[in-house]
Structures are given as C-alpha cells and as structure tokens.
Amino acid sequence: MKRTTGQNREITSKWRPATQAIRGGTWRSEHGETSEAIFLTSGYCYDDAQTVAVRFAGEQEGMTYSRLQNPTVQMLEERIALIEGAEAARCQASGMAAMTAALLCQLKAGDHVVAAKAAFGSCRWLTDTLLPKFGIETTAIDAFINEEWEKAIRPNTKLFFFETPANPTMDLVDMDYVCGLAKSRGIVTVVDNAFATPVLQRPLDYGADIVAYSATKLMDGQGRVLAGAICGKAEFINDVLMPFQRNTGPTLSPFNAWVVLKGMETLELRALRQSESALAVGRFMEKRVPKILHPGLESHPQYVLAQKQMRACGPIFSFILDGGREQAHALLNALELIDISNNIGDSRSLMTHPASTTHHGVGAETREAMGVVEGMLRLNVGLEDPQDIIEDLDQALTSIGL
Ligand SMILES: *Cc1c(COP(=O)(O)O)cnc(C)c1O
C-alpha cells in the first residue's frame, strides 16, 4: 500500500507551511487511515529478546516506551519541526514543561541568564524562584532596549530567554540584533514563541537557537488540551534535551498530541484570520480607551520592528484603563459575548485582567517593573465575526461610562 510521504523530509521540507501543517509528519499504519491514528499505548512488544536489546542499546530505531517515543507524538513533533524550519522538535506535557526543560536541560550551577523582564508569570517564576535554588542567577532587563542585552552580559552568561511579543505587555525583542549578539558571545538564545507561532514568526530565521512553545495556545487553537514543544538543532534535541526528558518525564500524552495535530491543520487559517480581526477590533478600541498595546497598530512603539519580523501580529492585544483594577473588573463583568478567561489562542474571544490572574503570582513590585498595571486588560480576539466582538466591547464600555 502507498503509505504517505509525510515522514520524508526531502519531500516535506519543500512544501509550503499550509501544506506541511496538514500533511507533514503523517505516518500511516497498514490500515491506510486518512486521519492520523491515536496510539494510546504506554509500552511496546518485541518479536524476541535480541530486538529489545538492540533497541535499548540505541542500535535500532523503534519504540521502547511512551515516555521516550510514541507514534502519534512523533507525528506532531515532525509537523512542528517542519513548520518551524527546525532540524528536530520534542513535545512536552505543557508550555511550562517545555520552558522548564529548555532551561534546566542545559544550565548548571554557576551559569548566568539574561531574561526579559516582561514575561508570562510562570516564566518569571522559573528565572526568579526556581533557577536560583540551583545556583543559576538571572538578570531581568527591559528587553525591548537592545543595549540592555549587551550591558547585562557577564563572563558566565550562558543563555538569553525572552518572549516576543511578551505576555501581556506586547513588548517586542529585536531578534536580528539580540540573537546576533548572543551568537557573537557564544550564548544560547531560547525564544518562547507562544504569542506568534511559526506561522506568524520563525525565530530560527533570525538566529535563535531554540524555540519553545505552549502548544496549548494557537496550535491547539480551540481551548482543549495542554501541550508544549521545543525546537532546535538535532544535536541539541537528541543529546541535551532527550536525556533530561527521558529521565524526568514531562512527556506529552498521545491523545493530547492527536488533538494538537488536528489543530495544526487549521493553524495558518486561524492565526491569519484572528490577526486580521484583532487589528479591526484594535482600531475600534484605539478610539475608546486611553492606551492600547498591539504591535500591528501604528501606535505601538515597535510597529516598524513588528512589520520586519512578523508576518501578522497575532490575535492578542492589551489595553489600559485609567480607573485601575476596579474599572477593569467592571468592564469584564459587563461583557456579554467575550468570556472572562485567562487562556489565549482560542477560537473564542477571551478577556482577562493579568494583575489579578496570570501575573498575580509575581507580586506587585515585579508587575509594576514589567508594566503590568492594575488598569490593564488582555484580549484574545477569536474567530467570531469581528463586528460582534466590537459590538460587545461597545456595549460593555458604554455601560461603565467610557
Ligand atoms: C501560556 C503560556 C505559557 C505556558 O504554557 P502552558 O501550556 O499553559 O503551560 C508560557 N509562555 C507563554 C508566553 C504563554 O502565553
């Protein structure tokens, strides 16, 4: 039976992203199933004792245990690697499992990290609370200022870590400059690309070494499962990340991998459509609120950089009300269509108040320093008709006197 070309890199690497997202990585069993199969199995059986011995010795390809490999998870890994333009990728159980593994697998006591101040709350916890326990120090900087990166480098700086756009301040990092600086000093760059996905921005094209994902967000895209991924050179994935992953076990479940495989099929369509809708909704909001932060709007201080390094600017923007937490909560409570929810990348429009949710844990002082003020709200623009989203915002703003 003609199986599929989805596992043949020579063929798949020539496809365009929309094709890779549907056919890349697909492997068919002897049944010739159209849609990828879910291999819900923890272990594997062998024809004889010799086969299992050579597999464990690494002398023969093949599955040994689902903490290490699983056919469904491998299909997703190959698909993500292809779209990212990476040699290899490994999936993790969640975005935070991916961030933790990407850092811990290669850092050791005595190393120094330079990280963006503006980051997802749990990413800040990794650098501020977890890494110091193991003797790894981090300098948190205003990452949108190029000179700050160079100033923060020490002789023992091992790694740069940032998001662009950052959650929820929407600050960008100039990847060409920062990754180039890192390369010239022998520093590894890890980019958390959750807000963009490879459809909107490919950090490896700008010289990043490692790209880490919360696949929970746009890759699943329908708010169903938690998932994560790490992309990079095959040598890093196989020799540095794999020993960490096989022995610590932040492995993605085959079922969740299958859900994300299905999400990937529509990733480009959704990411571009939601980006377009976010701009339309953002243009409406610009006239109604004191401040809005979206790299696709001309008012964003890094608009020119966004045009250079992003294909489109994504479904998420933040805005700031003058009335602090009280007014922000009042607006949330007045919404009729948009849900109050701290998730992003979903096909549904969702709004959250970062200071009391995603960034509650980092504390008031750190929030202030990264620009997460009490009046800030973050909106994920979904796949609904943008006019309905605008009308909901209009009625909610009117009802609180704005
Ligand atoms: C959501 C998110 C994460 C964490 O991902 P989970 O899948 O929720 O663990 C990490 N970084 C960024 C930028 C995120 O938005």
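Residues numbered from 1 in each chain as written. Predicted model: local features only at pLDDT ≥ 70, side-chain atom pairs only at ≥ 80, totals over all residues. Heavy atoms only, no water.

1. Quick notes on helix α14 (residues 324-334)
Part 1 of the argument: For α14, every residue scored as buried is listed here: Gly324, Gln327, Ala328, Leu331, Leu332 and Ala334.
Part 2 of the argument: Looking at the packing, one finds that the buried side of α14 touches β9 (316-320), β10 (339-340), β11 (350-352), β12 (376-380) and α16 (386-399). (Buried < 20%, exposed > 50% of the residue type's maximum accessible area, 1.4 Å probe, protein only. Helix = DSSP H or I, 4+ residues; strand = E, 2+ residues; numbered from the N terminus. Contact = heavy atoms within 4.5 Å.)

2. Observations regarding the packing of helix α4 (residues 71-84) against helix α11 (residues 254-264)
Part 1 of the argument: Their axes nearest at 8 Å, the elements α4 and α11 cross at an angle of 35°. α4 and α11 meet at a crossing whose hand is left-handed. Contacts between α4 and α11 involve Thr72, Val73, Met75, Leu76, Arg79, Ile80 and Ile83 from the former and Pro254, Ala257, Trp258, Val260, Leu261 and Met264 from the latter.
Part 2 of the argument: Considering only residue class, the contact of α4 with α11 consists of eleven nonpolar, one polar and one charged. (Axes fitted to C-alpha atoms, helices over the stretch in contact; angles between N-to-C directions. Left-handed = near helix turned anticlockwise from the far one by under 90°. Nonpolar A, V, L, I, M, F, W, Y, C, P; charged D, E, K, R; others polar.)

3. Let's talk about the UniProt feature "modified residue: N6-(pyridoxal phosphate)lysine" (unreviewed entry) in the protein chain
Part 1 of the argument: As annotated by UniProt and renumbered to match this structure, "modified residue: N6-(pyridoxal phosphate)lysine" (unreviewed entry) occupies Lys217.
Part 2 of the argument: Structurally, lysine 217 is set in the loop between β6 (210-214) and β7 (228-232).
Part 3 of the argument: Excluding anything up to four places from it in sequence, lysine 217 contacts Ala194, Asn343, Ile344 and Gly345. (UniProt positions renumbered as here; feature names shortened; annotations may be inferred.)

4. Digging into the pattern of salt bridges
A side chain of one charge can pair with a side chain of the opposite charge when the charged atoms of the two come close.
Part 1 of the argument: For the structure on display, the rule yields 21 salt bridges.
Part 2 of the argument: Across the pair lysine 151 and glutamate 148 runs a salt bridge whose closest N-O atoms are separated by 3.1 Å. With lysine 151 and glutamate 148 both in helix α7 (residues 146-152) and three residues apart, this pair spans about one turn of that helix.
Part 3 of the argument: Looking at lysine 151, the relative accessible area reads 63%, which means it is exposed.
Part 4 of the argument: Accessibility expressed as a relative area gives 22% for glutamate 148, which makes it partly exposed.
Part 5 of the argument: Between arginine 325 and glutamate 374 there is a salt bridge, and its shortest N-O distance comes to 2.6 Å. (Salt bridge = Lys/Arg side-chain N within 4 Å of Asp/Glu carboxyl O.)

5. Digging into the sheet that holds β11
Part 1 of the argument: On the basis of which strands lie adjacent, the open sheet formed by five strands has the order β8-β9-β12-β11-β10 and mixed pairing. Two strands in the sheet have a free side with no partner beyond their single neighbour: β8 (291-293) and β10.
Part 2 of the argument: One ladder, built from five bridges, connects β9 with β12; its direction is antiparallel. Within β12, the position partnered with phenylalanine 319 by the bridge is leucine 377. (Pairing = 2+ DSSP bridges.)

6. Examining the site of the ligand
Part 1 of the argument: Close to the ligand lie 16 residues, the nearest being Gly95, Asp192, Ser214, Thr216 and Lys217.
Part 2 of the argument: Threonine 216 is positioned with one of its side-chain polar atoms (N or O) 2.6 Å from an oxygen atom of the ligand.
Part 3 of the argument: A distance of 2.8 Å separates an oxygen atom of the ligand from a polar side-chain atom of lysine 217.
Part 4 of the argument: When the ligand sits alone it has 380 Å² of accessible area, and the protein chains cover 92% of it.
Part 5 of the argument: For the shell around the ligand, the class distribution of residues is eight nonpolar, five polar and three charged. (Near = heavy atom within 4 Å. Polar contact = N/O pair within 3.5 Å; in protein donor to acceptor, adjacent residues only side chain to side chain. Areas by Shrake-Rupley, 256 points an atom, 1.4 Å probe, with all protein chains shown as cover.)

7. Some points on the packing of aromatic side chains
Part 1 of the argument: The final tally for this structure, using the stated rule, is five aromatic pairs.
Part 2 of the argument: Taken together, a centroid distance of 6.2 Å and an interplanar angle of 35° make the contact between phenylalanine 255 and tryptophan 258 tilted. Here the residue phenylalanine 255 and the residue tryptophan 258 both occupy positions in helix α11, the gap between them amounting to three residues, near one helical turn.
Part 3 of the argument: Owing to a relative accessible area of 38%, phenylalanine 255 belongs among the partly exposed residues under this scheme.
Part 4 of the argument: Taking relative accessible area as the criterion, tryptophan 258 reaches 23% and is therefore assigned partly exposed.
Part 5 of the argument: Members of the aromatic cluster, connected to one another through ring pairs, are Trp149, Phe160 and Phe162.
Part 6 of the argument: Over the ring of phenylalanine 120 we find lysine 217; its NZ or CZ atom is 5.2 Å from the centre of that ring. (Phe/Tyr/Trp six-rings, centres within 6.5 Å; stacked < 30°, edge-to-face > 60°. Lys NZ or Arg CZ within 6 Å of the ring centre and 35° of its normal.)

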